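Okay, here's what each chain looks like letter by letter:
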Amino acid sequence: MDTAAGIGLFSIFPVLIFLVYLVLIGLSVYCIILFIKLARRGIKALDIYIHEKGRPGGGGGGVNPG
(Lines give C-alpha, C1' and ligand atoms only; values in the text may rest on other atoms or scores of the structure.)
Protein backbone atom coordinates (compact mmCIF):
# COMPACT_ATOMS: atom_id res chain seq x y z
CA MET A 1 0.00 0.00 0.00
CA ASP A 2 2.83 2.39 0.69
CA THR A 3 4.18 1.96 -2.84
CA ALA A 4 0.84 2.72 -4.46
CA ALA A 5 0.39 5.85 -2.33
CA GLY A 6 3.90 6.98 -3.24
CA ILE A 7 3.31 6.49 -6.95
CA GLY A 8 0.02 8.40 -6.68
CA LEU A 9 1.77 11.28 -4.97
CA PHE A 10 4.43 11.47 -7.68
CA SER A 11 1.79 11.42 -10.40
CA ILE A 12 0.29 14.64 -9.02
CA PHE A 13 3.50 16.66 -9.48
CA PRO A 14 3.35 16.89 -13.30
CA VAL A 15 -0.20 18.18 -13.07
CA LEU A 16 0.85 20.81 -10.53
CA ILE A 17 3.83 21.84 -12.66
CA PHE A 18 1.51 22.15 -15.68
CA LEU A 19 -0.84 24.38 -13.65
CA VAL A 20 2.10 26.53 -12.55
CA TYR A 21 3.14 26.91 -16.20
CA LEU A 22 -0.38 27.94 -17.15
CA VAL A 23 -0.44 30.54 -14.38
CA LEU A 24 2.95 31.89 -15.44
CA ILE A 25 1.84 32.13 -19.07
CA GLY A 26 -1.30 34.00 -17.98
CA LEU A 27 0.74 36.40 -15.85
CA SER A 28 3.17 37.04 -18.71
CA VAL A 29 0.35 37.87 -21.11
CA TYR A 30 -1.16 40.20 -18.49
CA CYS A 31 2.21 41.92 -17.95
CA ILE A 32 2.68 42.36 -21.71
CA ILE A 33 -0.77 43.96 -21.96
CA LEU A 34 0.04 46.32 -19.08
CA PHE A 35 3.37 47.25 -20.67
CA ILE A 36 1.69 48.02 -23.99
CA LYS A 37 -0.87 50.22 -22.21
CA LEU A 38 1.95 52.03 -20.40
CA ALA A 39 3.89 52.55 -23.64
CA ARG A 40 0.82 53.94 -25.42
CA ARG A 41 0.17 56.32 -22.52
CA GLY A 42 3.81 57.45 -22.57
CA ILE A 43 3.71 58.07 -26.31
CA LYS A 44 0.49 60.06 -25.91
CA ALA A 45 2.05 62.15 -23.11
CA LEU A 46 5.14 62.75 -25.25
CA ASP A 47 2.96 63.87 -28.18
CA ILE A 48 1.12 66.32 -25.90
CA TYR A 49 4.43 67.63 -24.55
CA ILE A 50 5.85 68.13 -28.04
CA HIS A 51 2.65 69.85 -29.19
CA GLU A 52 2.69 72.24 -26.21
CA LYS A 53 6.36 73.12 -26.55
CA GLY A 54 6.25 73.43 -30.32
CA ARG A 55 9.07 72.43 -32.59
CA PRO A 56 12.32 73.64 -31.03
CA GLY A 57 14.44 75.73 -33.38
CA GLY A 58 11.80 75.94 -36.08
CA GLY A 59 13.78 73.51 -38.23
CA GLY A 60 17.11 75.24 -37.64
CA GLY A 61 19.07 72.11 -36.90
CA GLY A 62 17.49 71.60 -33.48
CA VAL A 63 19.00 74.76 -31.97
CA ASN A 64 16.58 77.07 -30.17
CA PRO A 65 17.28 80.61 -31.42
CA GLY A 66 16.82 82.59 -28.42
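Every value quoted in this text rests on a predicted model; they were computed, and no experiment measured them.

Enquirer: Explain the overall build of the chain here, please?
Expert: Per the secondary structure count, the chain includes one helix and zero strands. Of the roughly 6,300 Å² of accessible surface on the chain, a fraction of 73% belongs to carbon and sulfur atoms.

Enquirer: I'm lost on a positive patch on the surface in this one. Help?
Expert: Positive charge collects at one region of the surface, where K37, R40, R41 and K44 lie side by side. Residue R40 is classed as exposed on the basis of its relative accessible area of 64%.

Enquirer: How should the UniProt feature "transmembrane region" (unreviewed entry) in the chain be read in this particular structure?
Expert: The sites that UniProt annotates as "transmembrane region" (unreviewed entry) are residues 12-36. With 100% helix and 0% strand, the stretch residues 12-36 has end C-alpha atoms that lie 37 Å from each other.

Rules and cut-offs
Residues numbered from 1 in each chain as written. Predicted model: local features only at pLDDT ≥ 70, side-chain atom pairs only at ≥ 80, totals over all residues. Heavy atoms only, no water. Helix = DSSP H or I, 4+ residues; strand = E, 2+ residues; numbered from the N terminus. Areas by Shrake-Rupley, 256 points an atom, 1.4 Å probe, with all protein chains shown as cover. Patch = residues over 30% accessible without salt bridge, like charges linked within 9 Å, V, L, I, M, F, W, Y side chains within 5 Å. Salt bridge = Lys/Arg side-chain N within 4 Å of Asp/Glu carboxyl O. Lys, Arg positive; Asp, Glu negative; His and termini not counted. Charge placed at Lys NZ, Arg CZ, Asp CG, Glu CD. Buried < 20%, exposed > 50% of the residue type's maximum accessible area, 1.4 Å probe, protein only. UniProt positions renumbered as here; feature names shortened; annotations may be inferred.

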